Amino acid sequence: MGVVIKYLVAGLVRYWLIHLDYWQTIANRVEIATPLNSWKRLMEGVYLYDHNINPYEGDSFHESPIMLIFFHFLLTKAPIILPILFTILDLLTAHLLYKTSKAFTRIFKESQEAVLPEVAEESKTMLLSDTQLKEASEYVLSVYLFNPYSVLNCAGMTTTVIQNLLLATALWGASSGKRIIACVFIALATHQALYPLLLIVPIAILLADINKGCNKCSYIRTLLVFVLSWGFLIYLSAYIMDGSYNYVYNTYGFILTVPDLKPNIGLFWYFFTEMFEHFRLLFVCAFQINALALYIVPLTLRFRKEPVLLATVLIALSTIFRSYPCIGDVGFYLALLPLWKHLFTFMQQKFIVGCAFIITSVLGPTVWHLWIYSGSANANFFFGVTLSFATAQIFLITDLLFAYIKREFTLKHGSSRQVDGKPAKLVLR
Amino acid sequence: MIEYNRMLASASFVGVLIIIGLPLWWKTTEVYRVSLPYDKINSFDSLSHTITAELTVLANDDTTASEIANLIEKAFQDSTIIKLRIHKSILSHSLHTTLDSVADEHEAVEEVASHFDLSRHNSFYVVQRKPLFQDVWLAGERVMFFRDSKASSTIVEALKGIIYQLSVVEGASSESADIARQIRFPPGAGYHVVLSVVHPRPDALKVDLDAGNAIEDYIGSFVDELSVLYNFTLKSQWLHLLNFDFQSTEIKDESEWGHHFAVRQDRLHLLLTKLEERTATHVSELPTINLALYAVPCDKAPLVIYDEYDQKISSPVQAFMSPKWGGVVLANPSPKECAADQIFRPDVRVIMGTFISQLRKLLGITDAEPIKGLYLEPLRSVKPRQWEIDNLLRIKTTEQLTSAERTLQSLAQLLGEISNIVINDEVGASINSAVESIQRASDLMREGQLVNAYKTSQNAFLDAETAFMEPSLLALLYFPDDQKYAIYIPLFLPIMFPVVLSLKNLLLWFRGKPIHKEKTD
Amino acid sequence: MESVRRLLLYNIFFIVFSCIHCDVFKEELFIKSLPPSHLYTHFQFVTLVNSDTSSFHSHLAPRSLVEVISRFHVEELHLTLTEGQWRHNQWGYPVLDAAPGAELYAWFSADVVDVDIQWKKLTSTLSGLFCASLNFIENFNTVIPQMTLWPTGAVKAGQNVTSHLRYASLPREIVCTENLTPWKKLLPCESSKGFSALLNSRMIHNTNYHSVGVHVRKNCISNDCSENNLEIKQTVGLVYDYDILTSSEWSFRKLYGQGLPGACPLSSDSKIYVDVTSNDTQPFTLIPPPHSVVLSQRGGSDVKLAIYDVKPDGQMINIGIKHNRNSDLPVPIPPPLYFNRYVLGYGKEFGGIVTELTNNCWTSINVVVLENAPWWLPIQLSTLRINGEAESSLIISQYYSPGRSRQKPYHLELLMKLPPRSTTTITIDFEFVFLKWQEYPPDANHGFYIGSALILANLPTAKNYTSLPNTGTTFDSMLNASKLWYPIVFRTNGAMVSLPTPDFSMPYNVICLACTVVALAFGPLHNICTKELVLKPVGTPVSLLQKVFNLFKRKRD
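Residues numbered from 1 in each chain as written. Chains lettered and ligands numbered in written order. Predicted model: local features only at pLDDT ≥ 70, side-chain atom pairs only at ≥ 80, totals over all residues. Heavy atoms only, no water.

K.L.:
Please explain the UniProt feature "transmembrane region" (unreviewed entry) in chain B as it appears in this structure.
P.N.:
Residues and elements named next belong to chain B. Cross-referencing UniProt, the feature "transmembrane region" (unreviewed entry) maps to residues 7-26 and 485-510 in the present numbering. Taken end to end, residues 7-26 has its terminal C-alpha atoms 27 Å apart, with 100% of it in helix and 0% in strand. The span residues 485-510 is 100% helical and 0% strand by assignment, and the distance between its end C-alpha atoms comes to 33 Å. (UniProt positions renumbered as here; feature names shortened; annotations may be inferred. Helix = DSSP H or I, 4+ residues; strand = E, 2+ residues; numbered from the N terminus.)

Listed below in structure tokens is the structure:
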């Protein structure tokens, strides 16, 4: 019952915000809407398509042709249902996350049982109980429904709502062992934003773990389904655009080469505004490698036993380091954090991170207004706020990971910090 | 197992950063430089080019022929630039008798032309003909008549000074410009010849002149002869109301005017400044030779130029020339034209003749000093002499080749020293093609194929100039090296630091040794 | 007697002379007072070049221009350099309207294969010829108007002219003496005799509006247009303010600093036209009296013109007016079509462009509006509103070409029907683009100029209309030249926006800070993945190196 009330309240809040007089302000804010996902550009693309102008000729529209067709159909046939549609999609995302977290907690329980023999005696109290695990799912739902980042994201009617839905569906499919759903939806998400490509790794591990059997075959099968569905989507998009692959420059090319320097909550915009032309290519490649390729293998090797943590960390890292992040992405991974509330006791920087989140989220719009509207601040202020926000997120993730390995150590060796009777400390070596 | 994973993770960091990162850095920040043939360019030696020319000595008997041929060979031995291939032979009996019996020299030339090919470039014939009034006779064809072997020294002097103009050709390849090079126009792909008729007082005096036809007729027939060298474009324009104050002083004299106006020589170059404002030289894409005809208004006529010693230059045509710009003719109307109907009809033939003589000098045909014993037939039409054209070919070939070599050498030095300059594909292609053309032209010159050598050397010159003037060479010229490090260090140093440190552990593990030293108690 | 003889000789000579070379040069001056307190003078120098003579030999025509035209295979060329804004609602219509700054458009002949390369070469050469920065015209500020601009000269039938047209405008260009001097050099009489002697740069750049132009086109000689000649027209349009002249009684001395020293001896026709229509309401006297006064009825409006025929005999003429009585300021009558354009919005994030067109006629007028937004001002077609509604019935036809950053501009053309006696508002939104720091001009906070919009209209009446008919070359073709409609291309005013600027002093700082944040993530993640947690006894002697490391590493407890 309480759950239904939560859905209702969250839905009403979103619906009310969309119908607010100030809705246009919300939808235009740089933190919420980026050139990739803003509603304004979607409307422009659909309008151009409707008037027989190729929306990929200019550079205002950066969605995939599948989205173009989908929204063209909706806007021409039934524009009135759009606010309700967005609200429902967001609620659906929340519901899927709830079910996914329930499945994840089940996986935790199983893996916990598996390592039971290795646990030190004194640490038995740290093991998770059923009630704790059930609470976690409730918290996941509440966080996604009520955190301001996801609420504003939905109110702004950005396409990140759809992105989150696809990710949530893929995670749910992986956690339930449904290979086709997981791969197809992760391919859809990759087709839209490219960075969810990284998630194929934790999803493959999850699927292999759940579908007991030969691991390697499972990996190969997952990879195959993913590649086939992604290839099919690319082909389908080209088919929609009359056989031309030009749309790739506006979608993937746009994400990878970062031509538009509109400010957002990420690091790329000011860096490439102030970069010398000669080095631009090197740093674009460096940043994209940082976002895509650098951490996937090491983190996978280290956290192979814990694919859910791997998924959370990868989603978070891709949000921080991607070329056009928005708060909708932030809201999504924040919703996955309550799964790890047993790690919170081991985290050391919760207070700082929390305060930094709140301060930068409030300060950001303020200095933006000062820069753009009052003309009394300059770009550095907003850049500083963006940097602090990114730093806060980085601290959050690294703290989470450190907490995990500390808990792992404590589970194995107990909580005494003594070697041969002498006081000792934990170091990384 | 866990350690294996950790090492593998470390290895993957190393892999991404060093194996992908380093080549990426190298590739994306390198200055795009096409490889150039530096060694070939440095080995150019401007002074080692030679042109081989063919000379045939035809005499009545063998001794004369040998004597003349040996003398010529000895005289041309130490010339570095022109090597003569001398053929000597005896006149055939029929030609001998014809030459001896024919009265007019020109008919004799025609006789020789019917036996030998006089239209081949880079060839010359020295033929003996007994009934000559002078020692040596020379006209517009590639043949020189001499009386007997007593004229041998005159022949040699004529060959060196007039036919082959050794000093001028050598001057074309020297570092500093000699007089001839200072006067003539620098090499180019072609020339625009613009006739500007300056008409300062259209209200006071009308000028009846069809400038277009004049230039097409006279100068057109002149430059048609030079079509093997260049493509000339002939243009004409009228500059009205261009008033220039000559600051001339009136001097009474005995001519039909009763007075004349004296213009000092040092005032003349200021006229060129005034002309340059309106001739629109810069619009043409090729170098422009300006020929200006200044129609002197009645109240300032006739203008007479006085030289620096204040001596009147009394010649029927008042004209002056400026090297690398062109020539000006001051056309004075006659008192009859001024008084009666105020229409000035300039004498087109005389004026065009003056222009052509100026054009000859500007293009590089120099008139040599007279030689005792040599009769040089004066020019009767606008056509230049055949051996003058050959000479021009030789001078221009040498000049273009030398200039191309020097340009390439300085360009190579510049590009070699400053490693920041971008050398893109077009510049590389131009330089490579210029180097090839230089080598081929040098070979062709040595073989004696003058026209092909000229065309190849022109290509070499144009390619070298194109490469030198390329604006894209300036990109990245001023980005200092140390600032590049300031850009790389903030990102790559903190990242490489732990990765490089972990390399040590990785290597130890690879070799199977324990990573951390176990403390022995 | 002497002068009469000279005149006779001159005329006889000129008949003979003109046919030998067949270049004709005419100079004209048109003066009109604009209500409430301005004076409009328009100079026109026309050279007609016989195309029999090749482009290599020129007599009266400027060789530089003819060579440029023939080298780049240009059929028609229009270049204007303008400073100031023409107020259409007060002053009526000029003879030739021009956009503020530099404006260049040209049609290339059909045998040109790559028009863009020729266009670039043409702009570079013209930039050198006129000392104007036309070399800044690139692909990203050139458009191909589809419906707005049409050739005024002779064109082969059936030829697709639109694909060979290029239009560019540089609103930031300034016109000054540096541009006037090479322009004057193109005239056969240069600046010592004739009407061009009046163009004293110190005086004419001191006006509210001055526009210098070169227009080249092909004219038909015969009726079936099998022969044509080249017409080179150089124009100067000036608007003086009586307040700056300190009196409404103008004269050549006050306007140009000197009187007119006779006509150019090379011109076959030198005439001055003074519009004396307002003599009925605000009577004034022309001194010296004109040679003739004609009445022209054109398209529903009556215009009285006083004509002076100037001879090249060197006598100084100083034409001026004297008011008969203290007259009131004339009331401006709005012309049939006028417009206004401005920028909406505040802040440097979003904005809009509004173009208001007011149709004062009793009939509806069809207009084509060309909006040429630069690539850094992306306009959103979905926000196009005519009088507030999205898909308006006033639009007959629409053409939109979206722009790409740094590659091409945004190009919108609307063929609209303006209802009678109404004001139509066209609104379109844009957002600002954040440029790279090296793309800002040196004075970044001065703002960026948005060029003017072009409006092509076929007016039903000729009220306030002073343009020459298409087939006419000189002002006398304007007399009684009533037609069914009167075409004119207007330019609205430009606008200026302020783009948000980054901090230009910060490149290395930004690199350091952003890279620090990235490294902040790398360090801990690298440690987590490649190291293990062990218990280390406290108090173990640490080496110096270890101490240094400890400064950087975080300690675990």
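K.L.:
Before we go on, may I ask you to explain a negative patch on the surface in this structure?
P.N.:
Residue and element names in this part refer to chain B. Side chains of Asp104, Glu107, Glu110 and Glu141 sit close together on the surface and give a patch of like negative charge. Looking at the secondary structure, you find Glu107 in helix α5 (residues 105-115). Here Glu107 falls in the partly exposed class, since its relative accessible area comes to 42%. (Patch = residues over 30% accessible without salt bridge, like charges linked within 9 Å, V, L, I, M, F, W, Y side chains within 5 Å. Areas by Shrake-Rupley, 256 points an atom, 1.4 Å probe, with all protein chains shown as cover. Salt bridge = Lys/Arg side-chain N within 4 Å of Asp/Glu carboxyl O. Lys, Arg positive; Asp, Glu negative; His and termini not counted. Charge placed at Lys NZ, Arg CZ, Asp CG, Glu CD. Buried < 20%, exposed > 50% of the residue type's maximum accessible area, 1.4 Å probe, protein only.)

K.L.:
Is there a simple way to explain the confidence of the model for chain C in this structure?
P.N.:
Predicted coordinates in areas of low pLDDT are best not read in detail. Scored by pLDDT, chain C has a mean of 86; 92% of the residues are at 70 or more. Residue range residues 1-20 of chain C is modelled with pLDDT below 50. Its contacts to residues more than four positions away, or to other chains, number 14 contacts. (pLDDT = per-residue confidence, 0-100. Contact = heavy atoms within 4.5 Å.)

K.L.:
Honestly, the sheet that holds strand β19 (residues 410-418) of chain C in this entry has me stumped. Any pointers?
P.N.:
Two strands in a sheet stick together by hydrogen bonds in their backbones, pointing the same way (parallel) or opposite ways (antiparallel). Residue and element names in this part refer to chain C. Read from one edge to the other, the open sheet built from five strands follows the order β18-β19-β16-β22-β23, with strand pairing classed as antiparallel. Since the sheet does not close on itself, it has two edges, and those belong to β18 (395-401) and β23 (486-491), each with one partner. For this sheet, the mean inter-axis angle between neighbouring strands, taken without regard to orientation, is 15°. With six bridges connecting them, β18 and β19 associate as antiparallel partners. Among the inter-strand pairings, Ser397 is bridged to a residue of β19, identified as Leu415. (Pairing = 2+ DSSP bridges. Axes fitted to C-alpha atoms, helices over the stretch in contact; angles between N-to-C directions.)

K.L.:
Quick question: what am I supposed to make of the packing of helix α18 (residues 327-336) of chain A against helix α20 (residues 379-413) of chain A here?
P.N.:
Each packed pair of helices is defined by two parameters, the angle between the axes and the distance between the axes. Residue and element names in this part refer to chain A. At a minimum axis separation of 13 Å, α18 and α20 run at an interaxial angle of 20°. Relative to α20, α18 is oriented roughly parallel. Where α18 crosses over α20, the handedness of that crossing is left-handed. In contact with Val330, Tyr333 and Leu334 of α18, α20 contributes Phe389, Gln393, Leu396 and Ile397. Of the residues contributing to the contact of α18 with α20, the split by class is six nonpolar, one polar and no charged. (Parallel < 35°, antiparallel > 145°, perpendicular 65-115°, else oblique. Left-handed = near helix turned anticlockwise from the far one by under 90°. Nonpolar A, V, L, I, M, F, W, Y, C, P; charged D, E, K, R; others polar.)

K.L.:
What am I meant to see in empty space enclosed by the protein here?
P.N.:
To find leftover empty space, a probe the size of one water molecule is rolled over the atoms. Within the structure shown, the criterion is met by 15 cavities of 30 Å³ or more. Taken as a whole, the largest cavity holds about 170 Å³ of empty space. What lines the largest cavity is a set of 17 residues, among which Arg41, Asp59 and Asp260 of chain A together with Pro378 and Tyr410 of chain C lie closest to the centre. Leu36, Asn37, Thr160, Ala193 and Arg322 of chain A are the residues nearest the centre of the second largest cavity, which is lined by 14 residues in total. Every element with two or more residues in the lining of the second largest cavity is listed here: α8 (160-176) and α9 (179-193) of chain A. By residue class, the composition of the lining of the second largest cavity is four nonpolar, seven polar and three charged. (1 Å grid on protein atoms, 1.4 Å probe; cavity = no way out; pocket = protein on both sides within 12 Å on 5 of 7 lines; lining within 4 Å. Points joined across faces, edges and corners; volume = space filled by probe spheres on them.)

K.L.:
I would appreciate a short explanation of the state of the cysteines in the present structure.
P.N.:
Cysteine pairs can be linked by a disulfide, which is a covalent bond between their two sulfur atoms. Residues and elements named next belong to chain B. Counted by the stated rule, this structure contains three disulfides over all chains. There is a disulfide in this structure between Cys298 and Cys338, and the S-S distance comes to 1.9 Å. In this structure the cystine formed by Cys298 and Cys338 twists about its S-S bond by roughly -100°; its chirality is therefore left-handed. On the criterion of sequence distance, the pair formed by Cys298 in the loop between β11 (288-295) and β12 (303-306) and Cys338 in helix α11 (residues 335-339) is long-range, its members being 40 residues apart. (Disulfide = S-S within 2.5 Å.)

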